[in-house]
Each structure stands twice: as structure tokens, then as C-alpha cells.
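Single-letter residue listing:
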Amino acid sequence: MRALVVGRWQPFHNGHLTIIKEIANDVDEIIIGVGSAQKSHTLNDPFTAGERIMMIIKTLKKFGFPYYVIPIRDIDFNALWVSYVESLTPPFDLIYTGNALVRELFEERGYVVKKPKLYNRKEYSGTEIRRRILNNEEWKHLVPGEVVEVIDEIDGENRIKRLSKKDYLI
Ligand SMILES: Nc1ncnc2c1ncn2[C@@H]1O[C@H](COP(=O)(O)OP(=O)(O)OP(=O)(O)O)[C@@H](O)[C@H]1O
Ligand SMILES: NC(=O)c1ccc[n+]([C@@H]2O[C@H](COP(=O)(O)O)[C@@H](O)[C@H]2O)c1
């Protein structure tokens, strides 16, 4: 059994790691879709697909389960999105998502859609972690150590702070 889990992973945090480990117990292989792959350098989506893939691969290295990481850009065509995803990924039997639109689109196409349990959602949230980085608040305990290393390597804290400046708006 192979399952797809799609997210933006901006950044990959401890809630994400917990659900990926749980899904790994339920299925033989996981396909991790990196959504909005074309987006980066905005306050909502600061990290590139490549940086997010680094976060995921470095974090999952110590766990022995098989997985694929596939970047998936957005297309301005919801009715085609499931076919688009299928065209990029290995075949899968079910999908895990907390996103209502993703659920709707995959259920309409006959897929079994499961909703992962949310853990410490107040803090394990990309929005909250990006807010803390911007405001110089503690955030490193909310992500795996490998993600801290990647964000340090790319100077991600300062990128987010720069992106908040008015003259970075396009
Ligand atoms: N705290 C959490 N515990 C368990 N699962 C989570 C948690 N946060 C997100 N997820 C799951 O991870 C998937 C991908 O989430 P996503 O990348 O949008 O993270 P997010 O923290 O919700 O980000 P953002 O706040 O930037 O929207 C979602 O479908 C959701 O089910
Ligand atoms: N038409 C489309 O391109 C389309 C439709 C639904 C979801 N998505 C993407 O799927 C991902 C879902 O991830 P989240 O659950 O993290 O919101 C996002 O990157 C979102 O943009 C894209």
C-alpha cells in the first residue's frame, strides 16, 4: 500500500514529522508531495521547493521507511489538479490531508482520503513558526534539529525578516 501526503511544509515541523511517522506505520511507502513548489521568497512561502526537500530528507534519514519526495507546483485549474498530481507521482492507494479542497478534489475522483490527527496545533504550525521567526521569538524547539540546520545554512531567519520589509513587495 502506497499513500500520498501533500503539504507546503513551510517549514517542515514536529507536527509534520509525527504524522509522517504514523503514516509510515500504516502503509508500505509514502509519497511526500511538496505543494506550491513554484513558491518561495514570500512571507507565507519563504522556502524554495529544494530547501523544503532538504528539510524533509535530512530529517527522515534516521528513520528506515521508504518514501519519495515529489515537488508539485500549483496549477490554476482545480478540476485538473488530481490528474496533474497523478502525472508526477508514483501510483498511490490513498491520500492523507487536512486540507478541505484537497479532500474534495481527491474524493470526487474516488480516492480514500484520511485526515491526520493534529498535534499541538497552536505551536506546530507553519504560520506560527514563521511568525515567531519574524518576531525573534523561540521557534527552534518546534521543528526537527535538521530543519534548524537547513534554515541556518540558508540564513532563513534573516530572509524572512527581509521579506517583511515593504520594499520587498511585488
Ligand atoms: N500540528 C500538526 N499536527 C499534525 N498534522 C499537521 C500539523 N500541522 C499540519 N499538519 C498536517 O500537515 C499537512 C501539511 O500541512 P502544511 O504544510 O499546510 O502545514 P501547516 O502547519 O498547516 O502550515 P501553514 O500554517 O503554513 O498553513 C496538513 O494537511 C495537515 O494535515
Ligand atoms: N489547483 C491547484 O494547483 C491546487 C489545488 C489544491 C491544492 N493545491 C496545493 O496543495 C497543497 C496543499 O497543501 P496544504 O495542505 O499544506 O495546504 C498546497 O500547496 C496547495 O496550493 C493546489
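Each remark here, short or long, concerns the structure printed above.
For clarity, every value in this text was computed on a predicted model and none was experimentally measured. Every chain's residues receive numbers from 1 upward, in the order its sequence appears when written. In the order they appear in the text, chains get letters beginning with A and ligands get numbers beginning with 1. Only residues with pLDDT of at least 70 are given local features in this predicted model, and only at 80 or more are side-chain atom pairs given and counted; all residues enter the totals for whole chains, interfaces and linings. Side-chain numbers come from the whole structure's heavy atoms, not from hydrogens or water.

### Quick look at the packing of helix α2 (residues 49–60) against helix α6 (residues 145–153)
In step 1: Only the stretch in contact is used when a helix axis is fitted, and all axes are lines through C-alpha atoms; the angle between N-to-C directions ranges over 0 to 180 degrees. Helical segments are the DSSP runs of H or I of at least four residues, strand segments are the runs of E of at least two, and each set is numbered from the N terminus. α6 packs onto α2 with a crossing angle of 145 degrees between their chain directions and a minimal axis gap of 8 Å. Judged by the twist between their axes, the crossing of α2 over α6 is right-handed. Listed contacts from α6 to E51, M54, M55, K58 and T59 of α2 are E146, V147, V150, I151 and E153.
In step 2: Each residue is assigned to one of three groups, with Ala, Val, Leu, Ile, Met, Phe, Trp, Tyr, Cys and Pro labelled nonpolar, Asp, Glu, Lys and Arg labelled charged, and all others, Gly among them, labelled polar. For the contact of α2 with α6, the residue count by class is five nonpolar, one polar and four charged. Helix crossings fall into two classes, left-handed where the near helix is turned counterclockwise from the far one by less than a right angle and right-handed where it is turned clockwise. Residues are treated as being in contact if the distance between any of their heavy atoms lies within 4.5 Å.

### Comments concerning the site of ligand 2
In step 1: Every residue close to ligand 2 is listed here: V6, G7, R8, G35, S36, D74, I75, N78, W81, N99, L101 and V102.
In step 2: Between ligand 2 and R8 there is a distance of 3.2 Å, counted from an oxygen atom to a backbone nitrogen or oxygen.
In step 3: In the analysis that follows, any N or O atom pair within 3.5 Å is treated as a polar contact, provided that within protein one partner can donate a hydrogen and the other can accept it, and provided that, for residues neighboring in sequence, both atoms belong to side chains. In the environment of ligand 2, an oxygen atom lies 2.9 Å from a nitrogen or oxygen atom belonging to the side chain of N99.
In step 4: Under the convention used here, a 1.4 Å probe and the Shrake-Rupley method define accessible areas, while residue burial counts only the protein chains that appear. Relative to its free-state accessible area of 500 Å², ligand 2 is covered by the protein chains to the extent of 82%.
In step 5: Among the residues making up the shell around ligand 2, the classes are represented as five nonpolar, five polar and two charged. Whether a residue is near a molecule or strand is decided by its heavy atoms; if any one of them lies within 4 Å of it, the residue is near.

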